[in-house]
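# Summary of structural features
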Amino acid sequence: AFSMLGTAAGLYVIPWCNQSLLLTILMSVIGGSMGILDTGGNVLALYTWGSEAGPHLQALHFSFAAGAFLAPMVAQMDLGSSKSEELAGAEKTNQSVLKSVPTASAASTTPAPNDHRSESFLWSYIFIGTYILLVSIFFFVLFSKSSSAKDKSKASAQKDRLAKYHWPLVGLLFVFFLFYVGAEVTYGSYVYTHAMVFAEMKESEAAALNSVFWGAFAACRGAAIFGAAFLSPATMIVMSLLCSAASSVALAFFSHFRAALWVGSAVYGASMATIFPSGIAWIEQYTVVEGKTASLFVVGAALGEMCIPVAVGYLQGRYHHVPVVMYTAFVTSMVTALLFPAMYKLANWPQQRDSQEVSDRETRKTLLSNSRLTEDEEEEEHVREWNDADFEVVEMNDELKNSLMDTSHRIPGDSPAVQPHLDNALGDPPVVADGFPGRQNGSIDWEKSE
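Residues numbered from 1 in each chain as written. Predicted model: local features only at pLDDT ≥ 70, side-chain atom pairs only at ≥ 80, totals over all residues. Heavy atoms only, no water.

### Things to note about the overall build of the protein
Convention followed: Runs of H or I in DSSP of at least four residues are treated as helices and runs of E of at least two as strands, each being numbered from the N terminus. Classification of residues uses two cut-offs on accessible area relative to the type maximum, computed with a 1.4 Å probe and protein chains only: under 20% is buried, over 50% is exposed, and between them is partly exposed. The criterion used for residue contact is that any of the two residues' heavy atoms lie within 4.5 Å. Each accessible area value is a Shrake-Rupley result obtained with a 1.4 Å probe; residue values ignore everything except the protein chains displayed when judging cover.
Summing up its helical and strand segments, the protein has 13 helices and two strands in all. Counting over 450 residues, the protein shows a buried share of 33%. Long-range contacts, defined here as pairs at least 24 residues apart, represent 77% of the contacts in the protein between residues at least 6 apart. Looking at the protein as shown, the accessible area adds up to about 27000 Å², and 65% of this sits on carbon and sulfur atoms.

### Description of the nonpolar core
Threshold: Buried Ala, Val, Leu, Ile, Met, Phe, Trp, Tyr and Cys residues form a nonpolar core when they are joined through side-chain atoms within 4.5 Å. For each domain, the first and last residues come from an automatic or database assignment.
Among the nonpolar cores identified, the biggest contains 55 residues, and F176, Y187 and W282 are the most heavily contacted of them. Considering each element in turn, this core owes the most residues, 13 residues, to helix α6 (residues 166-197). Two domains share this core, each providing at least three of its residues, namely domain 1 (1-80 + 119-143) and domain 2 (165-350). Apart from the residues lying within four places of it in its own chain, the contact partners of W282 are L169, P233, A234, I237, F340, M343, Y344 and A347. Grouped together as the second largest cluster of nonpolar side chains are eight residues, M4, L11, L26 and I132 included.

### Points about α6
Under the convention used in this document: Expected helix span is taken as 1.5 Å per residue step, with the number of steps being one fewer than the number of residues. Consider a residue and the seven residues that end there alongside the seven that start there; fitting an axis to each set, the bend is the angle between those axes.
Taking 1.5 Å per residue, 32 residues should reach 46 Å; α6 reaches 45 Å between its end C-alpha atoms and fits that length. At Y190, α6 shows its maximal kink, close to 45°.

### Considering unusual backbone geometry
Even without a glycine there, the phi angle at E200 is positive, about 55°. Counting through the fold element by element, E200 comes out in the loop between α6 and α7 (203-227). Using a relative accessible area of 63% as the deciding quantity, one classes E200 as exposed.

### Some words on the state of the cysteines
Stated formally: In what follows, a disulfide is any cysteine sulfur pair within 2.5 Å.
The full count for this structure, using the stated rule, is zero disulfides. C220 forms no disulfide, and the closest cysteine sulfur to it belongs to C243, at a distance of 8.5 Å. A residue is classified by how much of its surface remains accessible, and C220, at 24% relative accessible area, is partly exposed.

### Overview of the side chain of R221
Spelled out, the test is: Counting rule applied: Lys, Arg positive; Asp, Glu negative; His and chain ends not counted. A pairing counts as a salt bridge when a side-chain nitrogen of Lys or Arg comes within 4 Å of a carboxyl oxygen of Asp or Glu.
For R221, the location among the structural elements is in helix α7. The side chain of R221 sits in the buried core without any salt bridge; E184 is the nearest counter-charge, 4.7 Å away. Excluding residues within four positions of it along the chain, R221 makes contact with Q58, H61, F62, F64, A65, Y180, A273, F276 and P277.

### Quick notes on the packing of α6 against helix α10 (residues 275-283)
What counts, and what does not: For helices, the axis comes from a line fit to the C-alpha atoms of the stretch in contact; other axes are also lines fit to C-alpha atoms, and the angle between any two N-to-C directions lies between 0 and 180 degrees. The cut-offs work like this: below 35 degrees is roughly parallel, past 145 is roughly antiparallel, 65 to 115 is roughly perpendicular, and the gaps in between are oblique. Here the nonpolar group is Ala, Val, Leu, Ile, Met, Phe, Trp, Tyr, Cys and Pro; Asp, Glu, Lys and Arg are the charged ones; every other residue, Gly included, is treated as polar.
Between α6 and α10, the least distance of the axes is 11 Å, while the angle of their chain directions is 175°. By the angle between their axes, α6 is roughly antiparallel relative to α10. Packed against α6, whose contacting residues are L169, V170, L173, F176, F177, Y180 and V181, the element α10 presents I275, F276, G279, I280, W282 and I283 at the interface. Residue composition of the contact of α6 with α10, grouped by class: 12 nonpolar, one polar and no charged.

### Structural notes on the packing of aromatic side chains
Each pair of aromatic rings is reported with the distance of its centres and the angle of its planes. Note the following rule: Aromatic pairs are defined between Phe, Tyr and Trp rings, using the six-membered ring for Trp, whenever the two ring centres lie within 6.5 Å; interplanar angles under 30 degrees are classed as stacked, those over 60 as edge-to-face, and all others as tilted.
Under the defined criterion, the tally for this structure stands at 14 aromatic pairs. Seen from their ring centres, W214 and F217 are 5.5 Å apart, and the 75° between their planes marks the pair as edge-to-face. Within this pair, W214 and its partner F217 are both found in helix α7, separated by three residues, close to a single helical turn. Through a chain of ring-to-ring contacts, the aromatic side chains of Y187, F213, W214, F217 and Y268 assemble into a single cluster.

### Observations concerning the confidence of the model for the protein
Interpretation of this model should avoid reading the predicted coordinates in detail wherever pLDDT is low. This is how it is decided: pLDDT runs from 0 to 100 and stands for how confident the predictor is about each residue.
Put simply, the protein has an average pLDDT of 74, and 63% of its residues get 70 or more. Contacts from residues 93-113, a stretch scored under 50 in pLDDT, to residues over four places away or in other chains number five contacts. Low confidence marks residues 411-423, where pLDDT is under 50. Its contacts with residues over four positions away, or in another chain, come to seven contacts.

### A look at the environment of A195
Its place among the elements puts A195 in helix α6. With a relative accessible area of 0%, A195 lands in the buried category. Between the C-alpha atom of A195 and that of R258, which follows or precedes it by 63 residues, the distance is 9.0 Å. Among all residues touching A195, those that are not within four sequence positions of it are E200, M201, A206 and L209.

### Quick word on the side chain of S255
Applicable threshold: Two N or O atoms form a polar contact when they lie within 3.5 Å of each other; inside protein one atom must be a possible hydrogen donor and the other a possible acceptor, and for residues adjacent in sequence the pair counts only when both atoms belong to side chains.
Residue placement: S255 occurs in the loop between α8 (233-254) and α9 (258-272). Here L251 takes part through its backbone oxygen, which lies 3.1 Å from a polar atom of the side chain of S255. The residues touching S255, leaving out its near neighbours within four places in the chain, are H194, A250, L261 and M326.

### Side note on a nonpolar patch on the surface
Put simply, the test is: For patch building, the residue pool is restricted to those with more than 30% relative accessible area and no salt bridge; the joining distance is 9 Å between like charges and 5 Å between nonpolar side chains (Val, Leu, Ile, Met, Phe, Trp, Tyr).
A cluster of nonpolar side chains, V249, F253, F254, F257, Y314, L315, Y319, V322 and Y327, forms an exposed patch at the surface whose accessible area comes to about 850 Å². Listing elements by their share of the nonpolar patch, those giving two or more residues are α8 and α11 (291-318). If one sorts the elements of the nonpolar patch by residue count, α8 sits on top with three residues. For Y327, the position within the fold is in helix α12 (residues 324-410).

In structure tokens:
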């Protein structure tokens, strides 16, 4: 909300600015506000929708592409109207000047056209600034009503665990976005000049080629809103990188054929469309993407947007006969195609190891539980064996007692003497608490009923 408020304020003031220093400061404020909006928009989408933020991120970046596609058309309309007014005003002024003062200089005719042009662009700035101001107010209203939701999103984000290689992964994605955005802006900026110099196209054809690139870019981002609901971010990135590599090869080595230039530009624009939002949605699956993490991605993209076009422009100026733009598209496509497998391996290797450790722990727990169960079964079997042995001893003692009693009855006069010895021989071991006789010295006692 604050970033859009700063953008609206800058758009309101710029038409009235007539000093270069003040204009530089205002443009810097708008640039910083847009950078904050780019960072905050991505993080807000991740906080709001979490793992299901893929289609919403694609829609967010489709709005960027749609604005980049429509803004030059709006500016061209304003420029055309101002030029027509300028020509009409200049013609009327020249006729009046020629009638009144034949020796008047042409400098006296310039104020009126400048006034018409500034007035035309003034309404454009006011219209766009008012639109952004209304959206800013809408965000302030949402912020005032969603404090609890914001706290919940922060709490849920803090519960998530950072990846073990969080910062190396962020650094690789930083470089990845640097090359990707640099290649995108470079091709969109210089394809017009390349078409006129190397393909010898007319201005209208070169402008149409540039429109084909950005039109395919915007159309593919619009289609990616629905494709992200069915395809994973990694799948979309791999498909984009493969198409980007194939089209860049065609552009680098076969761009002197017009058909290859037209088809390659369309495919290259479409393949570049989904990489940035898919990259943010992809890394969110492995680690926490907070404000400072997303800001690094935006800084990497901004560095690529600034540095690579400048370097390409410098090299193209020194080597006029070399298609530096197309070679840059080829090199950056190869670099991004090599970086993503490295990032994917780095992001999944700790997860694979952790899952293996978890499976090993589960296996050990299963083995321990089985061993405990085996020990319990062995103990129960041991108790059953002792009980069987106890019953065998009881049966043996019963037989022994019966045989002794029969002997004592057969010997007259000895029964009183034998009976005490019999009792002493069998003994009287202690009885356990539940009333059953216990085992002592390998023999089991029985109650003396006789």
